[in-house]
Protein chains: 2
Amino acid sequence: MRAEVIAVGTELLIGQLLDTNSQWLGEQLTLQGLDINFHTTVGDNVGKISNAMRAALARSDFVIVCGGLGPTHDDLTRDAIAAVKNVRLVPDNEIEKLIGDLFAFRGLEMPPANLSQALVPEGCEAILMTRGTAPGLICPVGLKYLFALPGVPHEMKEMALRAVFPKISEVLDERGERAVIESFTIKTWGLSESKVAEMLSGVIAELEANHEATIALLASAVEGIRVRITAKSASSAEVQSVLGKYRQKVEEILGDSVFGFNSDTIESVVGRILAERSLTLGLAESLTGGMVSSRITSVPGASEYFKGCVVSYATEVKRSVIGVTAPLVVSELAASEMAHGVRERLGCDIGLSLTGVAGPESQEGVAPGVVHLAISGPGSSKASRELKLPGDRDRVRELAATSALDLLRKHLLQGA
Amino acid sequence: MRAEVIAVGTELLIGQLLDTNSQWLGEQLTLQGLDINFHTTVGDNVGKISNAMRAALARSDFVIVCGGLGPTHDDLTRDAIAAVKNVRLVPDNEIEKLIGDLFAFRGLEMPPANLSQALVPEGCEAILMTRGTAPGLICPVGLKYLFALPGVPHEMKEMALRAVFPKISEVLDERGERAVIESFTIKTWGLSESKVAEMLSGVIAELEANHEATIALLASAVEGIRVRITAKSASSAEVQSVLGKYRQKVEEILGDSVFGFNSDTIESVVGRILAERSLTLGLAESLTGGMVSSRITSVPGASEYFKGCVVSYATEVKRSVIGVTAPLVVSELAASEMAHGVRERLGCDIGLSLTGVAGPESQEGVAPGVVHLAISGPGSSKASRELKLPGDRDRVRELAATSALDLLRKHLLQGA
């Protein structure tokens, strides 16, 4: 069966706001086994919104409309649905009370405009709100369904998960159209997208030939290349068996470039290894200015294994606080001294360091993009690496931070 | 005149990729004085793409299509344009040569599939590519124009700026439809969106009454509330005078909550003040784990005023490296000692510190969201502040980092 998304809001058309709702809904509806043919974005105009709804209902079984449910005169989704269904808007007492309670709770008087949010087109069912003042709507139109959800992403997602997807699921069951679709993501660092494509060309050809699953390569500067395998079948067991088979093939081919799966990040994987082995970590950062430390501490529970970081941005801080003696502070020797020095001063099992040139200017005659990484510990083990990174200041810093975390991951996995 | 955007690609419909092109194009086309009525996203199907083009051309004077210009059999934008114009696709020798040169330069053989990228619908003009293998297209359709651009954002933007916007500009001039539209953004921190709306209600009412300009409030957790004023007129001088008038009114009302304008960030503003006054800064961070330091060093030239940071995540590092003696490390006293200690150890004019509980767990009996900030220097001046921040771990950390930078900004501006 088919679904499509309509995003409502002039602010989306003129670029004041980035529409992330359509992407999320597209992904979720696809995972429900639905085919998606269109996304439309339309401004705050009742004629244009209702025309977009009619066109979408002519093409698709489920239409999800996001936005236009607020209390102002620019919020026209309710009126457009009433026009499409050719019905009146009637006040819903329960919703009026909910909105009134919300204002009372905050000690505020309810502006009369908010009462418009309690209007429901006849024949539609309201989705009660838990996070804002906008209720959602479930509107049958013949055998098809039109759903209206608020435009604020966290309100939209909560209502979609609680009321819309279960309703779609129920309809799919009733009509014998249910399919199980599941994905598994394999995350890599250190390989280019074209290199991953080349390495996996055999697997991709096999998948294209036997239609058991689809594979997508997704690139992101900070997260590396992700390989997503998606399988569709009548039973979850069958889907899991197909995903497991291809996961194994992909892992075997990509080897230790694979750092994790699904919601893993390099920092969460490194944190898990450190916690498992009861090792503590300290950092010395220069060009990244605290980015690695900030990523490590973004993981809840990082205090179990993370002691701290010295951002030795100025040369004199490298010398006075961490004890660097190397004449050139962008060098392998300086990186080693930073790793060793911070390990000692912070009293940790492992010191990890980064020094380099982020740009735009060269430093000590070293070009932007040159970065030295070093690790001291655990025990007498150590590692170091020189990188030559492409891109501007932001990109060099981001790539350096992820590369340092990945070097530490490999160092720990290689039995250090 | 009217414009609209069509994004082509099944990967956009199923949520594998977030469409940021439509937002950027919507913003740029609006700044050219065009009205935007629709964005459409359509999958890789020649019939659906050509229908979307026909519908868009019926409604708008300029249609920009993004994506579907690659070398594979899924890239169908060229075919769809040929169908809409009812013409043949003919090979363009210059583009064939450019593509061939690109492969030769990389020492690779050109796959025959890439030759499809050199096909141009009759009556259309190619936009030569400088960054990828996909040329763009300028296609007159009656009195209207259809433009095709690659889907890769940096290729798309480069071609839009070089060939599409100048062409639109030329058509607007020829038809006497040119208007000057310019925006000015005022950036604030520390006020809620509804508070800013309330404070500016008089200005908003005045603008709505006299139609001189429009005002938009844009919210972002890290950047605070931005107030964007946009004016449209026949001359740039007139636009600037209107923007200047309302900028002054808004600044007077919002006072020192305004931290900057247009592309300013709090970290760039703080950096500018420090550089102007030849002051140096050192940081001591706990719950933010290096985020403030990372933001300060994201500004090119930060080494002029930034010495470094100690991320004292573990209590023992607060004591041994920065000399904190306060029994409770999430307290006003601990924050003051951190600011003072890091200033001394790093030898800077100013020390800025953050300590607090990011969550999800409480610490020392203190609830998540409680944060203490402190400043030591320049000279004998000092400042401190306690915050109670809402939201999850990520949000508490982000809000704490921006609040610390803003406290430092105000401290410096108040003559410290």
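1. Some words on the overall build of chain A
Phase 1 of the analysis: Within chain A, the secondary structure is distributed over 14 helices and 17 strands.
Phase 2 of the analysis: By principal-axis analysis of the C-alpha atoms, chain A measures approximately 80 × 60 × 40 Å.
Phase 3 of the analysis: In chain A, which comprises 416 residues, the share counted as buried stands at 55%.
Phase 4 of the analysis: Approximately 17000 Å² of chain A is accessible, and the part contributed by carbon and sulfur atoms is 52%.
Phase 5 of the analysis: When the 40 basic and 51 acidic side-chain charges of chain A are each reduced to a single mean position, those positions are 3 Å apart.

2. Examining the pairing of strand E15 (residues 350-356) of chain B
All names here are of chain B.
Phase 1 of the analysis: Among the 7 residues of E15, 7 are classified as buried, and the element is accordingly described as predominantly covered.
Phase 2 of the analysis: Judged from the 5 bridges that link them, strand E13 (residues 281-285) and E15 form a sheet pairing that is parallel. By the bridge assignment, Leu283 is partnered in E15 with Leu352.
Phase 3 of the analysis: As defined by bridge partners, E15 adjoins strand E16 (residues 370-376) across 6 bridges and the pair is classed as antiparallel. By the bridge assignment for E16, Ser353 is matched with Ala374.

3. Regarding helix H2 (residues 21-31) of chain B
Count 3.6 residues to each turn of an α-helix, and residues three or four apart come out pointing the same way.
Phase 1 of the analysis: Along H2 of chain B, 8 of the 11 residues are buried, which leaves the element largely enclosed by surrounding structure.
Phase 2 of the analysis: Within H2 of chain B, the full set of buried residues consists of Asn21, Ser22, Trp24, Leu25, Gly26, Gln28, Leu29 and Thr30 of chain B.
Phase 3 of the analysis: Next to the buried residues of H2 of chain B lie helix H1 (10-13) of chain A together with strand E1 (2-8), strand E2 (35-42), strand E3 (62-66), helix H6 (153-174) and strand E9 (180-188) of chain B.
Phase 4 of the analysis: The positive-phi residue at the C-terminal boundary of H2 of chain B is Gly33 of chain B, with phi of around 90°.

4. Examining the environment of Ser60 of chain A
Phase 1 of the analysis: One can find Ser60 of chain A in the loop between helix H3 (46-59) and strand E3 (62-66).
Phase 2 of the analysis: At a separation of 2.7 Å, a polar atom in the side chain of Ser60 of chain A contacts the side chain of Glu4 of chain A.

5. Here we look at the domain arrangement of chain A
All names here are of chain A.
Phase 1 of the analysis: For chain A, the domain assignment lists domain 1 (2-175), domain 2 (180-261) and domain 3 (266-413).
Phase 2 of the analysis: If you average the C-alpha positions of domain 1 and of domain 2, the two centres end up 35 Å apart.
Phase 3 of the analysis: Of the roughly 320 Å² buried between domain 1 and domain 2, counting both surfaces, carbon and sulfur atoms make up 47%.
Phase 4 of the analysis: When the buried area of domain 1 at its contact with domain 2 is split by residue, Glu27, Leu31 and Gly33 rank highest and sum to 84% of it.
Phase 5 of the analysis: Put simply, Glu27 and Arg228 hold a salt bridge, and the shortest N to O gap is 2.9 Å.
Phase 6 of the analysis: Where domain 1 packs against domain 2, one counts 1 residue pair in polar contact (both at pLDDT 80 or more).
Phase 7 of the analysis: For the side of domain 1 that touches domain 2, a count of residues per class yields 1 nonpolar, 2 polar and 1 charged.

6. Examining the side chain of Glu155 of chain B
Residues and elements named next belong to chain B.
Phase 1 of the analysis: With respect to the helices and strands, Glu155 occurs in helix H6.
Phase 2 of the analysis: Taking relative accessible area as the criterion, Glu155 reaches 14% and is therefore assigned buried.
Phase 3 of the analysis: Residues within four places of Glu155 in sequence aside, it is in contact with Arg131, Gly132, Ala134 and Pro150.

7. Observations concerning the packing of aromatic side chains
Phase 1 of the analysis: Using the criterion set out here, one finds 12 aromatic pairs over all chains in the structure.
Phase 2 of the analysis: With a centroid separation of 5.9 Å and an interplanar angle of 35°, the aromatic rings of Trp24 of chain A and Phe165 of chain A are classed as tilted. Residue Trp24 of chain A is found in helix H2 (residues 21-31), and its partner Phe165 of chain A is found in helix H6 (residues 153-174); the two are separated by 141 residues along the sequence. Pair check on accessibility: Trp24 of chain A and Phe165 of chain A agree, each one buried.
Phase 3 of the analysis: On the basis of an interplanar angle of 20° and a centroid distance of 6.3 Å, the ring pair of Phe62 of chain A and Tyr145 of chain A is categorised as stacked. Taken as a pair, Phe62 of chain A in strand E3 and Tyr145 of chain A in strand E8 (residues 144-149) lie far apart in primary sequence, 83 residues in all. One exposure class covers both Phe62 of chain A and Tyr145 of chain A, and it is buried.
Phase 4 of the analysis: An aromatic cluster of three or more residues is present, and its members are Phe62, Tyr145 and Phe147 of chain A.
Phase 5 of the analysis: Here Arg247 of chain A stacks its cationic end above the ring of Phe261 of chain A, 4.2 Å away from the centre of that ring.
Phase 6 of the analysis: Residue placement shows Arg59 of chain B over the ring face of Phe38 of chain B; its charged tip is 3.9 Å from the ring centre.

8. Thoughts on the relation of the copies chain B and chain A
Phase 1 of the analysis: The operation relating chain B to chain A is a screw motion whose rotation component is 180°, with 0.2 Å of axial translation and a residual RMSD of 0.4 Å. Both copies of the chain, as the preceding transformation shows, are related through a two-fold rotation axis.
Phase 2 of the analysis: Most of the interface of chain B is mirrored in chain A, where 100% of its interface residues are also at the interface.

9. Details of the sheet that holds strand E10 (residues 214-220) of chain A
All names here are of chain A.
Phase 1 of the analysis: With antiparallel pairing, the 4 strands of this open sheet are ordered in space as E10-E11-E9-E12. Every other strand in the sheet has two partners, leaving E10 and strand E12 (258-261) as the edge strands with one partner each. Adjacent strand axes in the sheet meet at a mean angle of 25°, parallel and antiparallel pairs treated alike.
Phase 2 of the analysis: Here strand E9 (residues 180-188) pairs with strand E11 (residues 224-233) via 8 bridges, running antiparallel. Paired with Ser183 across the strands is Thr230, a residue of E11.

Parameters and conventions
- Residues numbered from 1 in each chain as written.
- Chains lettered and ligands numbered in written order.
- Predicted model: local features only at pLDDT ≥ 70, side-chain atom pairs only at ≥ 80, totals over all residues.
- Heavy atoms only, no water.
- Helix = DSSP H or I, 4+ residues; strand = E, 2+ residues; numbered from the N terminus.
- Buried < 20%, exposed > 50% of the residue type's maximum accessible area, 1.4 Å probe, protein only.
- Areas by Shrake-Rupley, 256 points an atom, 1.4 Å probe, with all protein chains shown as cover.
- Lys, Arg positive; Asp, Glu negative; His and termini not counted.
- Charge placed at Lys NZ, Arg CZ, Asp CG, Glu CD.
- Pairing = 2+ DSSP bridges.
- Contact = heavy atoms within 4.5 Å.
- Polar contact = N/O pair within 3.5 Å; in protein donor to acceptor, adjacent residues only side chain to side chain.
- Domains from an automatic or database assignment.
- Buried area = accessible area lost by both parts, 1.4 Å probe.
- Salt bridge = Lys/Arg side-chain N within 4 Å of Asp/Glu carboxyl O.
- Nonpolar A, V, L, I, M, F, W, Y, C, P; charged D, E, K, R; others polar.
- Phe/Tyr/Trp six-rings, centres within 6.5 Å; stacked < 30°, edge-to-face > 60°.
- Lys NZ or Arg CZ within 6 Å of the ring centre and 35° of its normal.
- Least-squares fit on C-alpha atoms with pLDDT ≥ 70 in both.
- Axes fitted to C-alpha atoms, helices over the stretch in contact; angles between N-to-C directions.

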